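# A closer look at the structure
Here's the letter readout for the chains.
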Amino acid sequence: MWTRRLVAVLGVLAVLLAGCDRAPAEPADEPLRPRWQPLTLPAPPGASGRPLLRDAVACAARWYVVGGLADAAGETRPAAWSSSDGVSWAALPLSPSSHYGRQHVLYAAACRDGRLAALGAKNGGAHGNPRTGTWSQSPGGELREAPAPFELYAGPRAVSVARLAAGPAGWLIAGARVDGAAVWTSPDGERFTIREGVAELAGDGRGRTVAYDAVAVPSGWWVVGAVLPPGATAQAPLAWASVDGRAWRRVALPASDGRGQAQRVASVGGAVVALGPVRDGFATWRLVGDEWRRAGGFGAPGPGVSTVDALLPAGRELVAVTGDGGGHGLWLSVDSGDSWRLMAMPTPVSDGGNTAVAVASQGDRLLLVSDDGEASRAWSAGLPIVDR
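For the structure given in this document, a descriptive report is provided here. Please read these numbers as outputs of a predicted model, since none were measured by experiment.

To summarise the sheet geometry, strands pair through backbone hydrogen bonds and adopt either a parallel or an antiparallel arrangement. Taken together, the four strands give an open sheet; going across it, the order is β2-β3-β4-β5, and neighbouring strands pair in antiparallel fashion. Two strands lie at the open edges of the sheet, namely β2 (50-59) and β5 (90-91), each paired on one side alone. In the sheet, β2 pairs with strand β3 (residues 62-70) via nine bridges, with the strands oriented antiparallel. Counterpart to A56 in the pairing with β3 is V65.

This part covers the side chain of R365. With respect to the helices and strands, the residue R365 is situated in strand β28 (residues 365-371). There is a polar contact of 3.0 Å between the side chain of R365 and the side chain of S380.

Another aspect to go through is the packing of aromatic side chains. Following the criterion strictly, the structure yields five aromatic pairs and no others. For the ring pair Y153 and W184, a centre distance of 5.8 Å and an interplane angle of 35° mean the geometry is tilted. On the criterion of sequence distance, the pair formed by Y153 in the loop between β10 (143-145) and β11 (158-167) and W184 in strand β13 (residues 180-186) is long-range, its members being 31 residues apart. Taken individually, Y153 and W184 each receive the classification buried, so the pair is uniform in this respect.

Attention now moves to the environment of Q362. If you trace the backbone, Q362 turns up in strand β27 (residues 356-362). In this view, Q362 contacts A58, C59, A60, A61, R62 and W63; residues no more than four positions away in its chain are not counted. Within the local environment of Q362, its side chain forms a polar contact with the backbone nitrogen of A60, the two atoms lying 3.5 Å apart.

Spatial ordering of the open sheet is given by β19-β20-β21-β22, a layout of four strands whose pairing is antiparallel. At either margin of the open sheet sits one strand with a lone partner, and together these are β19 (264-268) and β22 (291-298). Each strand axis lies, on average, 30° off the axis of its neighbour in the sheet, ignoring direction. Bridge count for strand β21 (residues 281-288) against β22 is seven bridges, and the pairing is antiparallel. Paired with T284 across the bridge in β22 is G296.

Counting residues in hydrophobic clusters, the biggest one holds 21 residues, and the most contacted among them are V319, L330 and L366. With three residues, the single largest contributor to this core is strand β23 (residues 307-314). In this structure, L366 is in contact with W36, A314, V319, M343, V359, A360, S361, W379, S380, A381 and L383, ignoring residues within four places of it in sequence.

With that out of the way, let us pick up the pairing of β19. Of all the five residues making up β19, four are buried; the element is thus mostly covered by neighbouring parts of the structure. Sheet analysis places β19 next to strand β20 (residues 271-278), joined by five bridges and oriented antiparallel. Counterpart to A266 in the pairing with β20 is V273. Where β19 folds back on β20, the antiparallel hairpin that results is connected by two residues, among which G269 adopts a positive phi of roughly 60°.

Cut-offs applied
Residues numbered from 1 in each chain as written. Predicted model: local features only at pLDDT ≥ 70, side-chain atom pairs only at ≥ 80, totals over all residues. Heavy atoms only, no water. Pairing = 2+ DSSP bridges. Helix = DSSP H or I, 4+ residues; strand = E, 2+ residues; numbered from the N terminus. Polar contact = N/O pair within 3.5 Å; in protein donor to acceptor, adjacent residues only side chain to side chain. Phe/Tyr/Trp six-rings, centres within 6.5 Å; stacked < 30°, edge-to-face > 60°. Buried < 20%, exposed > 50% of the residue type's maximum accessible area, 1.4 Å probe, protein only. Contact = heavy atoms within 4.5 Å. Axes fitted to C-alpha atoms, helices over the stretch in contact; angles between N-to-C directions. Core = buried A, V, L, I, M, F, W, Y, C linked by side-chain atoms within 4.5 Å.

Written as structure tokens, this is what we have:
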């Protein structure tokens, strides 16, 4: 077994070193086809279980994958992996600090200066609500659950703890409480302070707000989300800007019929770009000066609820993962969101149930992880070459 694994790893490494796995340009009406190479993530120490891969991230020449393991009875425990080259992987040591932390599945990750932080959750308690916590990496490499008061993320005011972002100013979580959009801020990725009920960020007479994602920029932070106006049946897209995570400025994003959600945001080549579902598929918005403008769009309404599962820079390009109720899609933009090309995934993954697709990038390399509800897998590929 070890011989076969070694041969497989050496074969993948040879392809990477040869630098020839960037697929050639495809005709504009054909999906781009990255040359995906399968990766092996070793089983973490302890009881065996099915891997649940949920998110991936890269920074400072390090790659990370986070998720968990589920045993035959459905009991879960957290898991995370790291790599210095994207080919050879090692399971990270984990140190939970709470009863639910020992059952967490890590579902969102961010990193800064090669250091990982993650969000984890496990449903529990009388009402089966998520018991959420944060995890941060120690200088020795161990991923530790940070002790936190119960009502910091849960309790009667809890709604959602969505995404984690990192930047020069620290770390920020985007989510929502009963009075609308909220954030949690931290200087070190360990001790977070909640900012709820904040003017402009929280709901008010203009409607109930929710925050889905955040990105660090030189001036501070941008958070994206939506608002449900009074009497309306559909949300409208919103964004918020802050220098310090405490005071926020609200900006409406243009939508042709006033409907939509800004679910993910990223910074690429100095441009801040948001992506979310609208009535006719998916819309891209780009920040120009202090004004958000509609940039492009792609896709079509699917058979179910449309979602954006990832948006991230890949060199000078943007990569997105979407779901439309039927399946997941992988997309590439070379012009900051004006136009998009569909990319073929290594294997189709349905959208719904216990499925997931996540992607990370570093330079011109992509890492994709997926869970089709029965098995989790990981692949690596070079970005396809696209004529600009």
